[in-house]
Amino acid sequence: MMINCSSNHRPFISSIARSNRRVAAVFFVSCCLSSGLMAQPPEPNTFRMERQAKALFDQKRFSEARPLFEQACAAGSWDSCDTLTVMYIGGLGGLSRGSSMAGKPFSEAVPVFERACANGQADACSHLGWMYKNGIGVPENWSLFFSYSSKACDGGDGFACLNVGIEYEVGGGIKQDYSRAAVIYSRSCNAGNAIGCQDLGSLYHRGLGVARDDSRAKELFSKACKLGAAGGCTELKNMNNGR
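Values in this document were obtained by computation on a predicted structure and should not be read as measured data.

**Comments concerning the pattern of salt bridges**
Here is step 1 of the chain: A full pass over the atoms with the stated rule returns 8 salt bridges.
Here is step 2 of the chain: With its nearest N and O atoms 2.8 Å apart, the salt bridge here joins glutamate 64 to arginine 61.
Here is step 3 of the chain: Residue arginine 61 is classed as partly exposed on the basis of its relative accessible area, which comes to 36%.
Here is step 4 of the chain: Glutamate 167 is paired through a salt bridge with lysine 133; the nearest N and O atoms lie 3.4 Å apart. Of this pair, glutamate 167 sits in helix α9 (residues 158-170) while lysine 133 sits in helix α7 (residues 122-134), and the two are 34 residues apart along the sequence.

**Structural notes on α9**
Here is step 1 of the chain: Taking 1.5 Å per residue as the helical rise, α9 with its 13 residues ought to reach 18 Å, and the 18 Å between its terminal C-alpha atoms agrees with that figure.
Here is step 2 of the chain: Counting buried positions along α9 gives 12 out of 13 residues, so the element sits mostly inside the fold.
Here is step 3 of the chain: Every buried residue of α9 is listed here: Gly158, Phe159, Ala160, Cys161, Leu162, Asn163, Val164, Gly165, Ile166, Glu167, Tyr168 and Glu169.
Here is step 4 of the chain: Of the residues trailing α9, glycine 171 is marked for its positive phi of about 70 degrees.

**Re the packing of aromatic side chains**
Here is step 1 of the chain: The tally for this structure, following the rule as stated, stands at 8 aromatic pairs.
Here is step 2 of the chain: Judged by centre distance (5.9 Å) and plane angle (10 degrees), the rings of tyrosine 132 and tyrosine 148 are stacked. Separated by 16 residues along the polypeptide, tyrosine 132 in helix α7 and tyrosine 148 in helix α8 (residues 142-154) bring together distant segments of the chain. For the pair shown, tyrosine 132 and tyrosine 148 are each scored as buried.
Here is step 3 of the chain: Between the aromatic rings of tryptophan 142 and phenylalanine 146, the centroid separation amounts to 4.9 Å while the plane-to-plane angle is 15 degrees, which identifies the pairing as stacked. Here the residue tryptophan 142 and the residue phenylalanine 146 both occupy positions in helix α8, the gap between them amounting to 4 residues, near one helical turn.
Here is step 4 of the chain: On the accessibility criterion, tryptophan 142 (28% relative accessible area) is partly exposed.
Here is step 5 of the chain: A residue is classified by how much of its surface remains accessible, and phenylalanine 146, at 13% relative accessible area, is buried.
Here is step 6 of the chain: Through a chain of ring-to-ring contacts, three or more aromatic side chains come together here, namely Trp142, Phe145, Phe146 and Tyr168.
Here is step 7 of the chain: Here the basic side chain of lysine 133 rests over the ring of phenylalanine 145, its NZ or CZ set 4.5 Å away from the ring centre.

Scoring rules and cut-offs
Residues numbered from 1 in each chain as written. Predicted model: local features only at pLDDT ≥ 70, side-chain atom pairs only at ≥ 80, totals over all residues. Heavy atoms only, no water. Salt bridge = Lys/Arg side-chain N within 4 Å of Asp/Glu carboxyl O. Buried < 20%, exposed > 50% of the residue type's maximum accessible area, 1.4 Å probe, protein only. Helix = DSSP H or I, 4+ residues; strand = E, 2+ residues; numbered from the N terminus. Expected span 1.5 Å × (residues − 1). Phe/Tyr/Trp six-rings, centres within 6.5 Å; stacked < 30°, edge-to-face > 60°. Lys NZ or Arg CZ within 6 Å of the ring centre and 35° of its normal.

Shown next as structure tokens:
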């Protein structure tokens, strides 16, 4: 069974990801820690290991939790990889703050996600794209990030569509194309991604890639707000106040 939290996860990343990838990774983790997102159904022993690790983590027994998370991550538990990202960035469990995430255990999870992606699991492709974008378990590689994210977007992953849309809007590694960004953001929004709705609303409000339509922009900001994007709430309030 494919588990996809793209419809409502990572609501604050896009604005951060444009400027600070490592900080964005923290937000990615904080929004997904409880999502249960896996590249494939975990083995029972992996699930037990992860549950034990989470209990230790909640008790702030980070040094005891880390090896369990590492094993579960290597076995293909994205939830455990997420938590480890927080630990590596924050310097928990005996790690120095900002420890490199280029090697094990993250690298051991990559083949698991690759197999799942090759079998058509969109969220696994999205994971791989994110890893290549941020150098988690693999060297940073924009081409592979964009390739995996595009494949995930084609498979209906709203977060992946958001990432692809951002690249078209800002011209990051690809020719800037507001019209294409609008199309991709629309797919992200339709998949239930809050920031996809917010960013599409911004294009309508500014008349970039689409005809300016403040009524449509308000609709999109309202949807983004209801889905949990604080920026959407702010933009809607500003428009209602004539700003």
